[in-house]
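Spelled out from the first residue to the last, the chains are:
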Amino acid sequence: MPYHHILVAVDLTEECHPVMQRAQALALCSQAKLSLVHIVEPMAMAFGGDVPMDLSMLQQQQFDQARERLDSFAGTYPQLATEQRHLTYGQPRQEIHRLAEDQGCDLIVVGSHGRHGLALLLGSTANDVLHGAPCDVLAVRLKKS
Ligand code: AMP
């Protein structure tokens, strides 16, 4: 059964290109729509939500920079229209699930580092996204650089 709408999540590192390329190839053979999402994790979250200062200006800068990086990343894929690029604030798992539901996506594509041992305990976004996902999830294995 072909997919109709594929959502690919990118952390905007160089590693994301193979993830994007896999999603694009799948979209092509299923004649599916492809959407791209990057989530900016609020600084307060990164510091455990316990920062006694106003981070709003820094967060705006962080968001603006992420927008530039997303546009530059997406620029490599000219067939991806502006309305197919999403930039949101929050926790990657929650935001990816929310967007997949809102957009009626039937496949989420993420990269996976295939961690072992201690690194596995720290968790991975791919693992996180899999749990409670509203649709199928494909974890594209990222090669060690
Ligand atoms: P990780 O295991 O957390 O390094 O992340 C692996 C994959 O999760 C990446 O290749 C992306 O597909 C996805 N991912 C991680 N962080 C984000 C983010 N902030 N926004 C969107 N996708 C992300």
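The rules behind the values
- Residues numbered from 1 in each chain as written.
- Predicted model: local features only at pLDDT ≥ 70, side-chain atom pairs only at ≥ 80, totals over all residues.
- Heavy atoms only, no water.
- Buried < 20%, exposed > 50% of the residue type's maximum accessible area, 1.4 Å probe, protein only.
- Helix = DSSP H or I, 4+ residues; strand = E, 2+ residues; numbered from the N terminus.
- Pairing = 2+ DSSP bridges.
- Right-handed = clockwise from strand over helix to strand, strands pointing away.
- Phe/Tyr/Trp six-rings, centres within 6.5 Å; stacked < 30°, edge-to-face > 60°.
- Core = buried A, V, L, I, M, F, W, Y, C linked by side-chain atoms within 4.5 Å.
- Contact = heavy atoms within 4.5 Å.
- Expected span 1.5 Å × (residues − 1).
- Arc of directions from axis to C-beta.
- Axes fitted to C-alpha atoms, helices over the stretch in contact; angles between N-to-C directions.

Draft legend 1. Examining the pairing of strand β1 (residues 5–9) more closely. A large share of β1 lies buried, amounting to five of its five residues. Side chains His 5, Leu 7 and Ala 9 of β1 all project onto a buried face; the interleaved residues Ile 6 and Val 8 project onto the opposite face, where all are buried too. Two elements, β1 and strand β2 (residues 33–40), share five bridges in a ladder whose sense is parallel. Within β2, the position partnered with Val 8 by the bridge is Leu 36. For the crossover that starts at β1, traverses helix α1 (residues 16–30) and ends in the parallel β2, the hand is right-handed. Looking at chain direction, β1 and strand β4 (residues 107–112) are connected through three bridges and run parallel. Within the sheet, the bridge partner assigned to Val 8 lies in β4 and is Val 109.

Draft legend 2. Examining the packing of aromatic side chains more closely. Applying the stated criterion to the full structure yields two aromatic pairs. Where Phe 63 meets Tyr 89, the ring centres are 5.1 Å apart and the plane angle is 25°; that geometry is what we call stacked. Note that Phe 63 is positioned in helix α3 (residues 56–75) and Tyr 89 in strand β3 (residues 85–89), a separation of 26 residues in sequence. Classification of Tyr 89 by relative accessible area gives partly exposed; the value is 30%.

Draft legend 3. A look at unusual backbone geometry. A positive phi angle, close to 70°, is found at Leu 12, a residue other than glycine. Looking at where Leu 12 falls in the secondary structure, it is placed in the loop between β1 and α1. Judged by relative accessible area, Leu 12 falls into the buried class, the value being 11%. Positive phi outside glycine occurs at Gln 31, with the angle close to 55°. Structurally, Gln 31 can be placed in the loop between α1 and β2.

Draft legend 4. Representation of the nonpolar core within the structure. Grouped together as the largest cluster of nonpolar side chains are 24 residues, with contacts concentrated most on Ile 6, Val 8, Met 20, Leu 34, Leu 36, Phe 73 and Val 109. Met 20 has contacts with Val 8, Leu 34, Leu 36, Phe 73, Tyr 77 and Leu 80, leaving out every residue within four places of it along the chain. Listed in part, the 13 residues of the second largest apolar core include Leu 7, Ile 39, Ile 96 and Leu 99.

Draft legend 5. Here's a closer look at the environment of Leu 55. Here Leu 55 shows up in the loop between α2 (43–46) and α3. In the structure, Leu 55 is positioned 13 residues away from Pro 42 in sequence and 9.1 Å away in space, judged by C-alpha atoms.

Draft legend 6. Spatial organisation of α1. Here α1 is 15 residues long and its end C-alpha atoms lie 21 Å apart, about the 21 Å a rise of 1.5 Å per residue gives. Looking only at α1, the buried set comprises Cys 16, His 17, Val 19, Met 20, Ala 23, Ala 27 and Ser 30. Looking straight down α1, one finds its buried side chains confined to an arc of 160°; they lie on one side. Opposite the buried face of α1, by more than 90 degrees, sit the exposed residues Leu 28 and Cys 29. Buried-residue contacts for α1 involve β1, β2, α3, β4 and β5 (136–141). Positioned one or two residues after α1, Gln 31 has a phi angle of 55°, which is positive.

Draft legend 7. Representation of the sheet that holds β1 in the model. On the basis of which strands lie adjacent, the open sheet formed by five strands has the order β3-β2-β1-β4-β5 and parallel pairing. The open sheet has two edge strands with one neighbour each: β3 and β5. Each adjacent strand pair in this sheet contributes to an overall mean axis angle of 25°, direction not counted. Those strands touched by α3 are β2 and β3, and its axis lies near 160° from that of β3.

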